[in-house]
Amino acid sequence: MAETQKTIKANPGAGRRDVGFSVLLFRLGLPLLVAAVTFGFFFPTLYNGFVDWDDIKLLLENPHYRAFDWPSLRWMFSTFYMGHYQPLTWLTFALDFFLWGTDPFGYHLTSLIIHSINAALFYLVALRLLSLALGASDRPIRIHLAAGLAALLFAVHPLRVESVAWITERREVVAGLFFLSTLLCYFQAAKDQAARRRWMAAAVIFYALSLLSQPMAVTLPLVLLILDVYPLRRLEIGRWSSAETRPIWREKLPFFALAVIFGIIALAAQREAGAYLSLEHYGIAKRLGQSLFAPAFYLWKMIAPVDLSPVYAIPYHLEKSDWLFFIASVIVDVAITAALIAGRRRWPGLLAVWICYLAMLAPVLGLFQVEPELAADRYSYLSCLGWAVAAAAALLYFMQPQRATAGRTAAGVIASVVVVVLGALTWRQTQVWHDPLTLWQRAVAAYPRAAKAQNNLANVFIQLRRPAEAMAHYRLAAEVDPDYKEGRHNLGLTLAENGDVAGAIREYREALRIDPNYKEARNSLAAALFSQGDLDGAIGEYGRAVAADPRYKEAHNNLGVVLINKGDAAGAVAEYRAALALDPNYKEAHYNLGNAQLELGKIDEAIGEYQAALKIDPRYESARNNLDVALKEQKARK
């Protein structure tokens with residue numbers, strides 16, 4: 001009997017060890033489960049292709065990123081290609097090309113894997129934040145569940161689709177990977193005083209890597225200061241400067257230095273790309289209005305993620321409904337700010353979330369406007385992280401042990417339903433990015449007044465050889481925004497291809513009225529004038545295109561063509577050489593230079609240029625035919 005009693009007494013201890021192991025397994029498995037669920041809801045992206053919104057120019061027509069040799073690496077770390085500085089993102093694209101070539105499946109797979117890792121990392125960030133807010137050291141299961149909810153609310157929300165499903169925007173998810181790593185190291189530095197310097201150094205390194213991927217997180221130092229106030233409680237409002245707080249300020253200096261450096265780089269990249277809208281085209285009042293509108297807009301899309309679009313255009317003409325929406329957005333911003341300031345003692349976490357949200361949105365609120373757009377889904381990738389933690393904190397509030405079982409069960413069921421609904425919407429939204437036609441038809445359906453969406457849908461119809469539908473949408477683009485120069489230019493190109501050169505010239509001139517430095521319109525206008533036999537007019541327009549951008553190789557080459565038709569072979573040679581100085585692999589310039597040299601009687605030089613063109617493109621039949629002619633003439637002379 002005694003032995004039986006000892007056995008009974010021993011079993012509970014073994015049971016507790018089993019329970020402890022189960023809890024450990026649960027806690028380790030939860031972030032993996034979060035990553036797996038995220039991967040599952042985004043699975044349709046793997047069957048998507050490239051879309052004709054930067055993907056083609058960035059990846060398919062760009063040979064510079066496709067190797068890990070020194071010239072390619074130097075290009076990645078020095079280029080502002082298409083208005084962005086993103087060397088680490090280029091490295092991920094280089095790896096994709098090494099593994100997959102130009103198969104879009106591999107590119108989508110990489111983006112999805114990184115996003116799934118981000119979901120698991122955010123689980124750890126949310127776990128730390130919730131534990132700090134509640135002052136919990138043992139982290140009961142409910143905190144882990146709440147952190148899992150926060151991670152899923154972030155990761156499977158339809159607003160994430162643009163950043164994950166659009167290959168060009170991988171920079172968001174790569175930057176997010178290092179951003180979240182920065183936060184984890186920073187939290188550990190605040191917790192582990194013995195190893196604080198090592199963890200802080202790691203945080204600075206990860207922050208630099210984030211900025212090297214995409215400088216969206218330039219305002220992170222402000223976020224760290226907010227976190228120092230709450231929930232880390234390392235700083236206290238009203239006691240900013242003291243012997244205790246000075247080290248906290250000093251440790252931020254590397255972060256601020258990196259933010260300033262990469263902020264300047266980002267501005268330079270956008271300026272080089274000519275992406276900024278001038279104050280004349282987008283005034284101070286509009287910029288301030290957008291800055292007040294955007295925070296409420298993202299909140300609304302976060303709560304009701306419907307009618308998502310790649311383009312949320314700034315309306316050319318503001319209607320009554322637009323003014324009401326803008327006014328309502330401002331009221332919402334002011335009301336939220338006032339309410340959270342008033343309730344800061346009761347809900348300090350919500351005020352911290354709101355300030356972090358505004359800080360992370362600051363770079364894209366419109367003050368430095370680079371596109372005629374109100375907002376973009378991708379800008380929510382990092383800025384809305386705090387709201388997911390706030391939602392998880394609300395779940396914890398309703399799942400407190402002292403609450404009734406029915407209430408806790410209801411809270412869990414509602415949270416699960418929300419995740420499933422968001423996941424289902426995400427599953428559907430990923431398929432919007434399946435191909436260019438699907439994408440832009442959806443964009444036009446959601447926002448018919450978006451000139452860019454109308455223009456891009458028209459571009460797709462051109463590729464599908466449906467010019468009538470293309471012209472209809474180009475005209476709609478001009479109708480909804482008479483100052484949309486790209487639409488005017490593309491309409492002109494389509495008219496020219498369909499024989500209406502006079503109509504094309506009219507549209508090119510209208511595009512140039514909008515922007516006299518629009519080099520592509522100058523180039524097209526010159527080509528149209530050339531086709532009508534106006535050689536002097538064509539030379540003048542090509543010259544203005546080159547003046548607008550001396551590195552515009554196509555204008556140099558085309559100017560050479562007009563000059564040789566006017567009998568100025570020497571002038572043509574100079575322009576072809578200027579084009580080749582900008583791009584030695586410009587096969588058309590090699591071919592045209594060969595023609596000019598042949599006309600000047602320089603047979604050997606002509607042969608060399610034709611051979612150079614064929615080396616670049618062995619299937620270049622015009623160059624091969626002219627090479628044969630030149631070789632026969634060379635033989636005849638001998």
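Because the structure is predicted, anything quoted here is derived from the model rather than measured.

Reading the values: rules and limits
Residues numbered from 1 in each chain as written. Predicted model: local features only at pLDDT ≥ 70, side-chain atom pairs only at ≥ 80, totals over all residues. Heavy atoms only, no water. Helix = DSSP H or I, 4+ residues; strand = E, 2+ residues; numbered from the N terminus. Buried < 20%, exposed > 50% of the residue type's maximum accessible area, 1.4 Å probe, protein only. Contact = heavy atoms within 4.5 Å. Areas by Shrake-Rupley, 256 points an atom, 1.4 Å probe, with all protein chains shown as cover. Salt bridge = Lys/Arg side-chain N within 4 Å of Asp/Glu carboxyl O. Expected span 1.5 Å × (residues − 1). Core = buried A, V, L, I, M, F, W, Y, C linked by side-chain atoms within 4.5 Å. 1 Å grid on protein atoms, 1.4 Å probe; cavity = no way out; pocket = protein on both sides within 12 Å on 5 of 7 lines; lining within 4 Å. Points joined across faces, edges and corners; volume = space filled by probe spheres on them. Nonpolar A, V, L, I, M, F, W, Y, C, P; charged D, E, K, R; others polar. pLDDT = per-residue confidence, 0-100. Patch = residues over 30% accessible without salt bridge, like charges linked within 9 Å, V, L, I, M, F, W, Y side chains within 5 Å. Polar contact = N/O pair within 3.5 Å; in protein donor to acceptor, adjacent residues only side chain to side chain. Phe/Tyr/Trp six-rings, centres within 6.5 Å; stacked < 30°, edge-to-face > 60°. Lys NZ or Arg CZ within 6 Å of the ring centre and 35° of its normal. Axes fitted to C-alpha atoms, helices over the stretch in contact; angles between N-to-C directions. Parallel < 35°, antiparallel > 145°, perpendicular 65-115°, else oblique. Left-handed = near helix turned anticlockwise from the far one by under 90°.

1. Things to note about the overall build of the protein
So, step 1. Helix and strand content of the protein: 30 helices and 2 strands.
So, step 2. Buried positions account for 50% of the 638 residues belonging to the protein.
So, step 3. The long-range share in the protein, meaning contacts at least 24 apart out of those at least 6 apart in sequence, stands at 68%.
So, step 4. As presented, the protein carries roughly 30100 Å² of accessible surface, and 62% of it is formed by carbon and sulfur atoms.

2. Comments concerning the pattern of salt bridges
So, step 1. Under the definition given, this model contains 21 salt bridges.
So, step 2. Across the pair Asp-583 and Lys-553 runs a salt bridge, and its minimum N-O distance is 2.6 Å. Placement of Asp-583 in the loop between helix H27 (569–582) and helix H28 (587–599) and of Lys-553 in helix H26 (residues 553–565) is noted, with a sequence separation of 30 residues between them.
So, step 3. Residue class for Lys-553 comes out partly exposed when judged on its relative accessible area of 21%.
So, step 4. A single network of salt bridges, built from pairs that share partners, joins Arg-196, Asp-228, Arg-234, Glu-251 and Lys-252.

3. Looking at helix H6 (residues 141–155)
So, step 1. Here H6 contains 15 residues, and its C-alpha end-to-end distance of 21 Å stays within 8% of the 21 Å for a straight helix at 1.5 Å per residue.
So, step 2. Counted residue by residue, H6 has 12 buried out of 15 residues, so it is predominantly covered.
So, step 3. Taken residue by residue, H6 has Ile-143, His-144, Ala-146, Ala-147, Gly-148, Leu-149, Ala-150, Ala-151, Leu-152, Leu-153, Phe-154 and Ala-155 as its buried positions.

4. A look at the nonpolar core
So, step 1. Formed by 159 residues in total, the largest nonpolar core has its most connected members in Phe-122, Phe-179, Trp-387, Trp-433 and Trp-440.
So, step 2. Here the element with the most residues in this core is helix H5 (residues 104–134); it accounts for 13 residues.
So, step 3. When sequence neighbours within four positions are dropped, the list of residues in contact with Trp-387 reads Leu-299, Met-302, Val-353, Trp-354 and Tyr-357.

5. Observations concerning helix H17 (residues 385–398)
So, step 1. With 14 residues, H17 ought to run about 20 Å at 1.5 Å a step, and its terminal C-alpha atoms sit 21 Å apart, in line with that.
So, step 2. Buried within H17 we find Leu-385, Trp-387, Ala-388, Val-389, Ala-390, Ala-392, Leu-395 and Leu-396.

6. A short note on the layout of surface pockets
Remark: the empty space left among the atoms is shown by a probe the size of a water molecule rolled over them.
So, step 1. In this model, the second largest pocket occupies a volume close to 890 Å³.
So, step 2. Counting residues per element, the lining of the second largest pocket draws most heavily on H17, at 9 residues.
So, step 3. Taken together, the residues of the lining of the second largest pocket sort by class into 31 nonpolar, 5 polar and 2 charged.

7. Thoughts on unusual backbone geometry
So, step 1. With an omega of 15 degrees, the peptide bond between Tyr-230 and Pro-231 qualifies as cis.
So, step 2. Mapped onto the elements, Pro-231 comes out in the loop between helix H10 (220–229) and helix H11 (246–250).
So, step 3. Look at Asp-54: it is not a glycine, yet its phi comes out positive at around 80 degrees.
So, step 4. In this fold, Asp-54 is placed in the loop between helix H1 (2–41) and helix H2 (55–60).
So, step 5. Phi is positive for Met-82, close to 60 degrees, though the residue is something other than glycine.
So, step 6. In this structure, Met-82 sits in the loop between helix H3 (70–76) and helix H4 (87–100).
So, step 7. Residue classification places Met-82 among the partly exposed residues on the basis of a relative accessible area of 26%.

8. So, the confidence of the model for the protein
So, step 1. For the protein, per-residue confidence averages 88 on the pLDDT scale, and residues scoring 70 or more make up 89% of the total.
So, step 2. Of the regions scoring below 50 in pLDDT, residues 1–17 engages in 0 contacts with residues more than four places distant in sequence or in other chains.

9. With respect to a nonpolar patch on the surface
So, step 1. Taken together, the side chains of Phe-68, Leu-95, Phe-98, Leu-99, Trp-100 and Phe-105 make up a nonpolar region of the molecular surface, amounting to roughly 610 Å² of accessible area.
So, step 2. For the nonpolar patch, the leading source of residues is H4, giving 4 residues.
So, step 3. Residue class for Trp-100 comes out partly exposed when judged on its relative accessible area of 33%.

10. Thoughts on the side chain of Asp-96
So, step 1. Mapped onto the fold, Asp-96 is located in helix H4.
So, step 2. Polar contacts involving the side chain of Asp-96 include one to the side chain of Thr-110, which spans 2.5 Å.
So, step 3. In this structure the side chain of Asp-96 is engaged in a polar contact, spanning 2.5 Å, whose partner is the side chain of Arg-170.
So, step 4. Here Asp-96 is in contact with Gly-101, Gly-106, Tyr-107, Thr-110 and Arg-170, once residues within four sequence places are set aside.

11. Quick look at the environment of Lys-485
So, step 1. Turning to its location among the elements, Lys-485 is positioned in helix H22 (residues 485–497).
So, step 2. If sequence neighbours within four positions are ignored, Lys-485 has contacts with Ala-511, Ile-514, Asp-515 and Tyr-518.

12. Brief notes about the packing of aromatic side chains
So, step 1. By the definition in use, this model includes 32 aromatic pairs.
So, step 2. With 4.9 Å between their ring centres and 65 degrees between their planes, Trp-75 and Trp-90 make a pair best called edge-to-face. In this pair, Trp-75 sits in helix H3 while Trp-90 sits in helix H4, placing the two residues 15 residues apart along the sequence.
So, step 3. Assessed through its relative accessible area of 0%, Trp-90 is described here as buried.
So, step 4. One aromatic cluster is present, formed by Phe-50, Tyr-65, Trp-75, Tyr-81, Trp-90, Phe-93, Phe-97 and Tyr-107 through successive ring pairs.
So, step 5. The ring of Tyr-552 carries Lys-519 above its face, with NZ or CZ at 4.8 Å from the centroid.

13. Structural notes on the environment of Ala-415
So, step 1. With respect to the helices and strands, the residue Ala-415 is situated in helix H18 (residues 405–432).
So, step 2. For the pair Ala-415 and Ala-146, spaced 269 residues apart in sequence, the C-alpha to C-alpha distance is 9.4 Å.
So, step 3. In contact with Ala-415, not counting residues within four places along its chain, are Leu-149 and Leu-395.

14. A look at the packing of helix H20 (residues 451–463) against helix H21 (residues 467–480)
So, step 1. Here H20 crosses H21 at 165 degrees, and the two axes come no closer than 8 Å. The orientation of H20 relative to H21 falls into the category roughly antiparallel. In this structure, H20 meets H21 at a crossing whose hand is left-handed. Residue-level contacts link Ala-451, Gln-454, Asn-455, Leu-457, Ala-458, Asn-459, Phe-461 and Ile-462 of H20 to Pro-467, Glu-469, Ala-470, His-473, Tyr-474, Leu-476, Ala-477 and Val-480 of H21.
So, step 2. Among the residues making up the contact of H20 with H21, the classes are represented as 11 nonpolar, 4 polar and 1 charged.

15. A few points about the packing of H28 against helix H30 (residues 621–637)
So, step 1. Axis separation between H28 and H30 bottoms out at 11 Å; the angle between their running directions is 25 degrees. Comparing the axis directions of H28 and H30 gives the class roughly parallel. With respect to the hand of their crossing, H28 and H30 are arranged in left-handed fashion. Residues Tyr-591, Asn-595 and Leu-598 of H28 lie in contact with H30, whose contacting residues are Ser-622, Ala-623, Asn-626, Ala-630 and Glu-633.
So, step 2. Residues belonging to the contact of H28 with H30 are distributed by class as follows: 4 nonpolar, 3 polar and 1 charged.

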